[in-house]
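# Close look at the chain arrangement
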Amino acid sequence: MAAPAPTRDGASVRPAVPRRPRRSLPLHPRVWLPTTVLVVILGVAWSVIADAHPYILPRLSEVGWTLVDEPLLFLENTWSTLQIALTGVASGAGSAFLLALLMSEISMVRRALMPLAVVLNVTPVIAITPALVVAFGFGMTPKVVVTAIITFFPVLINVTTGLRSIPTPVLHVFETLHASRTEVLFRLRIPSSLPYTLAALRVVFPLSVVGAVVAEFVAAGSSGGLGTMIRNSAATARLDHVYAAIACLAAMGVLLLVLVTVVERRLLFWHESQQTPS
């Protein structure tokens, strides 16, 4: 601890110690009150529209009772969609991470593969889904491939940016210490890319749910999943089932986002992005 600094009159003054920024408690009104007010307003607006136009929106009570009356139906279809989403994001994000590592180390590979990755990203996935069904059959595989394609590019771009965003002075220190390329990769580049990687995962985990639903919409022969339920229920004008399935999808996306956020806070407690002021 630093010694107190003397003043002109001989009195000592202790140096000011910077305080850590305080986090808002989860139960504090300013945390939950704005969202609660917005949800109430949206619920009232929904009820007004549903009462005036029952063929456009079902009542919220009808959606709730649908979920209560048939919980196993929605749980089974939710699990089917979740399997596709998690398998797809694991395949797409995992392959993108490995490819980003390769591209960061070999510039020739980066120059050769990045244009192809851009072409894959701008290609409408819906257009190639029927071809995937023909190639892989009517099972889970084409839906996983579609989800993997949708989640591939954001992870590739973010991880590549993170691996290359190394401060030059820090890199010079490693060169001065004669660190090998492997040591630079595992001790410097990968740790520095963690904020970029987890930011990409916060995007692609909820996006994987969208990819799974799109695949269930388009893939022929699909018999399970929330996307298939929405398509079939909309064809028979069962709006309560449609919006109950949408509610399950929204809850799934929120839970995946919360999971990634918790992991991010655990791993990046040292990073400035987690130091939120009061």
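Look up a bit, the structure's there.
Residues numbered from 1 in each chain as written. Predicted model: local features only at pLDDT ≥ 70, side-chain atom pairs only at ≥ 80, totals over all residues. Heavy atoms only, no water.

### Overview of the overall build of the protein chain
When you go through the protein chain residue by residue, the secondary structure sums to 10 helices and 2 strands. Traced from its N-terminal end to its C-terminal end, the protein chain shows the element sequence β-β-α-α-α-α-α-α-α-α-α-α. Counting only residues that meet the buried cut, the protein chain has 33% of its 278 residues in that class. In the protein chain, of all internal contacts separated by at least 6 residues, the share reaching a separation of at least 24 is 69%. Surface summary for the protein chain: the accessible area is close to 17,300 Å², and the carbon and sulfur share equals 69%. (Helix = DSSP H or I, 4+ residues; strand = E, 2+ residues; numbered from the N terminus. Buried < 20%, exposed > 50% of the residue type's maximum accessible area, 1.4 Å probe, protein only. Contact = heavy atoms within 4.5 Å. Areas by Shrake-Rupley, 256 points an atom, 1.4 Å probe, with all protein chains shown as cover.)

### Side note on the side chain of T151
One can find T151 in helix α6 (residues 141–164). According to the relative accessible area criterion, T151 is buried, its value standing at 0%. A distance of 3.0 Å separates a polar side-chain atom of T151 from the backbone oxygen of T147. Contact partners of T151, with chain neighbours within four places excluded, come to G88, V89, G92, A93, V204 and S208. (Polar contact = N/O pair within 3.5 Å; in protein donor to acceptor, adjacent residues only side chain to side chain.)

### Describing the environment of L60
If you trace the backbone, L60 turns up in helix α2 (residues 60–69). The spacing of L60 and Y243 is 183 residues in sequence and 9.0 Å in space, taken between C-alpha atoms. Not counting chain neighbours up to four residues away, the residues in contact with L60 comprise G43, W46 and S47.

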